[in-house]
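Listed here are the chains, written in short residue letters.
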Amino acid sequence: MIDTVVKRDGREEAFDMSKLSHWAEWAGEKLSIDWESVVTAAMLKCKNKCTTKDLQYAMIEACVVDHATTKHQLMGGRLLIGDYYHTIYGGTANIPSIKQQHDSLVKLGIVEHLTCYKDSDWDYFQSEVIDHTKDLKLKHTQVEQLVGKYALRDKDGIKETPQFTFIRQALWYASKLNGDKREHVKNIYELLSNEVVCAPTPDHLYVGTVRGCAPSCVVVRGEDTLPSISAMMQAVWSASANGSGVGGSLEVRSSGDPVRGGSFKHNGKLEYYRSLMDMARANQQAGRAGALTMHYTCLDPELETIARMKNPTTVQEKRLGLMDYSFGANAAFANAVRGNTDWMLVSTYYAPRLYELLYQPDEELFLDEYNKVLNNENIPKTIVNARKLLFAVLREAIETRQYEHFTDELNRNTPFKDKIYSSNLCQEIALPTRAFKNGVEDLFKFDGDGEIATCNLMGVNVATINLDDDLYEKACYYSLLMIRCKILYGNYPFNSMAETSIARMNAGVSIISMAHLMAKHKMSYSSMFGKKFIHRLAETHSFYLHKSALKIGKEYGNAEWIDRTKYPEGWFPIDSRNHSVDNLSHQPLKRDWESLRKEIIENKGIAFSVLETSVPSESSSMAQNATNSLYPIRGGVITKKDASRTVQWIAPEWEELKDSYQIAWDVCSSDMTEVYAIVQGFTGQSISADYWMTHYAEDGKVSVSGASLIEDWLYRQKLGMKSRYYINHKTGGVYAGNEQESGGCSSGGCTL
């Protein structure tokens, strides 16, 4: 029984049931919810002399924990945003104007002072642009993400609510753009606040602030010299400290190889990997340690050792379980697996040219050098069965979360002429890198001899757009403009990184919420109609990105290094796509690619070196009321966890569309591979491709079919996939299936 409550200022007063009821009735307005039952449940959760805040959060809990419906999520969101309004501003009546909010944050030293706007502009933004009532349409999950994780804060607490987060970004971007700034502010704000364009975590946290925005993803390369290794370690540490997720490849000699003419033997990669892991994890990002994925290949004599570095049964001194690994292979290795024949493992020390040929698409050229090395009796090598070797890697993919990439395909279906050695943390990036052979000093030079690849991300919520071509084109145009601003005015730890990032202009715009769009149109991932639908969607995505990149190129100029891509010759991803995909959807191209190609050739290229990717989008699914990326949903109601919070996520329009959503566990691996391969045919970079597998247990032991794992891998290779991310699995048909832990970049960068 509650007789007395404690107010926020510490005063005690008699409990007034009508106040609580009024609050609940307001939050449940027009939602057809029995708000009285919410009040009753909240009162049962609290004791006498509880605080008014305790009562508020008890009502939120009664909505989002005791019930799993969209309506209760919306009521919980209103209660939570109401609490934030009270805490931050002292109530809705005290919400500041945009100008007041901006000036306050400038005074606190949090945001950049924007001097390009006149008083009349601020008045226009206040009266015609911002709409705080949009906050009342957000689910509890969205409010938790947008305010609890994304909002600006200082030592005294949170400083903004969602609409201020969106307008802050719009104001900053527009300040850097040519043309009508009012129009740009309005367009960008509406795209963000209406859940059309999805910004990655670093944008919400840092765009418009004095800190500046870091690249979403960073990829580094190291080679077999001490200066190069030291430069890579410095790059990993600094990129992690700057808030980026990191992917890397380190091609050094193997354990037992001679050093200094045989004076002593090399210790191999283990200790270098350990140091790189520690460098990445030394810095906290958004509440947890930085993260790194290291890439190794099918030629490496230490392959099985590296594959088992995450396994808890590995001896402690060889276990490196706090970073991730991606196994790289090419068509020659795949054919050895198909034929169940032998495969050679050899160190880069003895076969440097063979290693270089691993990263190009000509299989015959690779095999010619492979056979030369194989037949050279002076070169130490190990001969193993290719299929057994692959199974050893794939077993770790199931047990300890190993990723994969295809080294030849990364360098075949790409706009880049320069070599691509690896992907990034989450396997959706495919960009050229070069090792810094002269060491750390070159990192700080504008003309350093290496290249750290960077990519800035955005997402397009295709369910919100819902096949509206005009809106899709607008979303692509502004996504690329925002990426351009982030690249030009970004926060880089090294001069060399700034120089090459601006010269390259690497963009990665992803499809978001495809499962929701498919449910709207009653499409299935497994059906031919569904695959035709996905083909048309992926084509639309790529077409409007290219059209927008051409427009921006005409307005602002082409990328400085556009000549290091195939775009001046009129290349599109459709030109080098894997043609095995043509038989998957039997869907002809619908867009006028040839007219666009002619325009791009006339313009000598476009404003960016690359345009498309497909990210996990874990954070955006919570912030945008969206489904993750290209993925089917795991379930209609899921408990999602990250480093700092646990929230309930409900699929968009779940109650209305539950019979139209296809659940991930019901989509077989071959169907998912075909879906990804269709999208890959329109994608300049790569796909963070997830799979969902069920393994049944017999006599308490989980049985995993090695043959099916290998068959799936070979099918991915055949259809031209560039990479694979998680293999999610459950046993005995049981998964802690309403729970999902957010994975991916610690920074949230490549998870959008």
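Above this text sits the structure in question.
Residue numbers run consecutively from 1 along every chain, following the written order of its sequence. In view of the model being predicted, local features appear only for residues whose pLDDT reaches at least 70, and side-chain atom pairs are presented and counted only at 80 or more, with totals across whole chains, interfaces and linings using the full set of residues. To obtain the side-chain values, all non-hydrogen atoms of the structure were used and water was disregarded.

K.L.:
What exactly am I supposed to notice about the overall build of the protein chain here?
P.N.:
Each helix and strand in the protein chain was counted, giving 30 helices and 28 strands. Whereas a compact globule of 752 residues would reach a radius of gyration of roughly 27 Å, the protein chain reaches 27 Å, a difference of no more than 12%. For each residue, the accessible area found with a 1.4 Å probe, counting protein chains only, is set against the maximum for its type, and the residue is called buried under 20%, exposed over 50%, and partly exposed in between. Buried positions account for 62% of the 752 residues belonging to the protein chain. In what follows, residue pairs with any heavy atoms lying within 4.5 Å of each other are defined as contacts. Within the protein chain, contacts between residues separated by at least 24 positions form 77% of all contacts whose residues are at least 6 apart in sequence. In this description, accessible areas are obtained by the Shrake-Rupley approach with a 1.4 Å probe, and a residue is regarded as covered only by the protein chains that are shown. Total accessible area computed for the protein chain in this model is approximately 27,900 Å², and 49% of it derives from carbon and sulfur atoms. Charge convention: Lys and Arg are scored as positive, Asp and Glu as negative, and His as well as the terminal groups of each chain are ignored. A single reference atom marks each charge: NZ on Lys, CZ on Arg, CG on Asp, CD on Glu. Computed over 84 positive and 94 negative side-chain charges, the separation of the two mean positions in the protein chain equals 1 Å. Under the scheme used here, helices are H or I runs from DSSP no shorter than 4 residues and strands are E runs no shorter than 2 residues, and both carry numbers assigned from the N terminus. Only the C-alpha atoms count toward the radius of gyration. The rule for a globule is 2.2 Å times the residue count to the power 0.38.

K.L.:
I keep staring at the sheet that holds strand β2 (residues 12-14) and nothing clicks. Help me out?
P.N.:
Think of a sheet as strands paired side by side through backbone hydrogen bonds, with each pair either parallel or antiparallel. Taken together, three strands build an open sheet; the order of strands is β2-β1-β3 and the sheet is mixed. Each edge of the open sheet carries a strand with a single partner, namely β2 and β3 (50-51). Only strands joined by at least two bridges in the DSSP assignment are considered to pair.

K.L.:
Explanation requested: the packing of helix α8 (residues 162-175) against helix α9 (residues 181-193) in the structure shown.
P.N.:
Two measures define how a pair of helices packs: the angle their axes make with one another and the distance between the axes. As a packed pair, α8 and α9 sit with axes 8 Å apart at the nearest point and diverge in direction by 140 degrees. As α8 runs across α9, the sense of the crossing is right-handed. Only K181, H184, V185, I188, Y189, L192 and S193 of α9 make contact with α8, whose side of the interface consists of Q163, F166, I167, Q169, A170, L171, Y173, A174 and S175. Amino acids are sorted into nonpolar (Ala, Val, Leu, Ile, Met, Phe, Trp, Tyr, Cys and Pro), charged (Asp, Glu, Lys and Arg) and polar (every other residue, Gly among them). Of the residues that constitute the contact of α8 with α9, the class distribution is 10 nonpolar, five polar and one charged. The angle between two axes is taken between their N-to-C directions and runs from 0 to 180 degrees, where each axis is a line fitted to C-alpha atoms and a helix contributes only its stretch in contact. In this scheme the handedness of a crossing depends on how the near helix is turned from the far one: anticlockwise by less than a right angle means left-handed, clockwise means right-handed.

K.L.:
Mind showing me how you'd approach unusual backbone geometry here?
P.N.:
The bulk of non-glycine residues show a negative phi, and the bulk of peptide bonds are trans. At N340, a position not held by glycine, the phi torsion is positive, near 55 degrees. Following the sequence through the fold, N340 ends up in the loop between α14 (331-338) and β15 (342-345). Its identity is not glycine, yet S617 carries a phi of approximately 55 degrees, on the positive side. The topology assignment puts S617 in the loop between β20 (610-612) and α27 (618-623). A residue is classified by how much of its surface remains accessible, and S617, at 0% relative accessible area, is buried.

K.L.:
Help me understand the pairing of strand β13 (residues 292-297) in this model?
P.N.:
Within β13, six of the six residues are buried, which leaves the element mostly enclosed by the surrounding structure. Here β13 shows no split at all, with L292, M294 and Y296 on one side and T293, H295 and T297 on the other all buried. When strand β8 (residues 245-251) meets β13, the two strands line up parallel, connected through four bridges. Its bridge partner being in β13, S249 is matched across the sheet by H295. Alignment of β13 against strand β14 (residues 324-329), held across five bridges, turns out to be parallel. Counterpart to Y296 in the pairing with β14 is F327.

K.L.:
I keep staring at the packing of aromatic side chains and nothing clicks. Help me out?
P.N.:
When we look at a pair of aromatic rings, we describe it by the centre distance and by the angle of the planes. The aromatic pairing rule takes the rings of Phe, Tyr and Trp, using the six-membered ring of Trp, and pairs them if the centres are within 6.5 Å, calling planes under 30 degrees apart stacked, those over 60 edge-to-face and the rest tilted. Enumeration over the complete set of coordinates arrives at 33 aromatic pairs. With centroids separated by 6.0 Å and ring planes inclined at 70 degrees, the aromatic side chains of Y403 and Y726 adopt a geometry described as edge-to-face. Here Y403 is found in strand β17 (residues 403-406), whereas its partner Y726 is found in the loop between β26 (723-724) and β27 (727-731), with 323 residues between them in sequence. With 4.1 Å between their ring centres and 25 degrees between their planes, Y725 and Y726 make a pair best called stacked. Under the relative-accessibility criterion, Y725 is labelled buried at 2%. For Y726, a relative accessible area of 13% gives the class buried. Ring pairing ties together the aromatic residues Y296, F327, F333, W343, F366, Y370, F406 and W713, which thus form one cluster. Comment: the charge-over-ring label is applied if NZ (Lys) or CZ (Arg) is within 6 Å of the ring centre and within 35 degrees of the ring normal. Of note, R211 hangs over the ring of Y206, and the distance from its end group to the ring centre comes to 3.8 Å.

K.L.:
Got a minute to help me understand the pattern of salt bridges in this structure?
P.N.:
It is possible for side chains of opposite charge to pair when their charged atoms get near one another. By definition here, a salt bridge exists when the distance from a side-chain nitrogen of Lys or Arg to a carboxyl oxygen of Asp or Glu is within 4 Å. On inspection of all chains with the given rule, the structure shows 44 salt bridges. Here E160 makes a salt bridge to R168, at a shortest N to O gap of 2.6 Å. For the salt bridge of K419 with E356, the shortest nitrogen-to-oxygen distance reads 3.2 Å. Here K419 is found in the loop between α18 (407-410) and β18 (453-461), whereas its partner E356 is found in helix α15 (residues 352-357), with 63 residues between them in sequence. Look at K419 and you get partly exposed, because its relative accessible area is 27%.

K.L.:
Please explain the environment of S510 as it appears in this structure.
P.N.:
Topologically, S510 is positioned in strand β19 (residues 506-512). Measuring from C-alpha to C-alpha, the distance between S510 and G553 comes to 20 Å, with 43 residues separating the pair along the chain. Side-chain atoms alone can form a polar contact between residues adjacent in sequence; in general such a contact is a pair of N or O atoms within 3.5 Å, and within protein one must be able to donate a hydrogen while the other accepts it. Only 3.2 Å separates the side chain of S510 from the backbone nitrogen of V615, close enough to count as a polar contact.

K.L.:
Is there a simple way to explain a negative patch on the surface in this structure?
P.N.:
On the surface, E25, E29, D34 and E36 cluster together into a negatively charged patch. Mapped onto the fold, E36 is located in helix α2 (residues 35-45). What makes a patch is a set of residues exposed beyond 30% relative accessible area and free of salt bridges, joined within 9 Å when like-charged and within 5 Å when nonpolar (Val, Leu, Ile, Met, Phe, Trp, Tyr).

K.L.:
For this particular structure, what's the right way to read the side chain of K139?
P.N.:
With respect to the secondary-structure elements, K139 resides in the loop between α6 (119-129) and α7 (140-150). Despite its burial, K139 pairs with no opposite charge, the nearest such side chain being E655 at 6.9 Å. Other than its neighbours up to four places away in sequence, K139 contacts T70, Q73, L74, G77, N625, I650, A651 and P652.

K.L.:
What exactly am I supposed to notice about the packing of helix α3 (residues 52-64) against helix α4 (residues 70-89) here?
P.N.:
Where α3 meets α4, the closest approach of the two axes is 8 Å, and the angle between their N-to-C directions is 160 degrees. Classed by the angle they form, the pair α3 and α4 counts as roughly antiparallel. When the axes of α3 and α4 are compared, the crossing they make is left-handed. Taking contact as the criterion, the partners of K53, Q56, Y57, M59, I60, C63 and V64 in α3 are, on α4, H72, Q73, M75, G76, L79, L80, G82, D83 and T87. In terms of residue class, the contact of α3 with α4 is built from eight nonpolar, six polar and two charged. Orientation is classified from the angle alone, with under 35 degrees giving roughly parallel, over 145 giving roughly antiparallel, 65 to 115 giving roughly perpendicular, and any other angle giving oblique.

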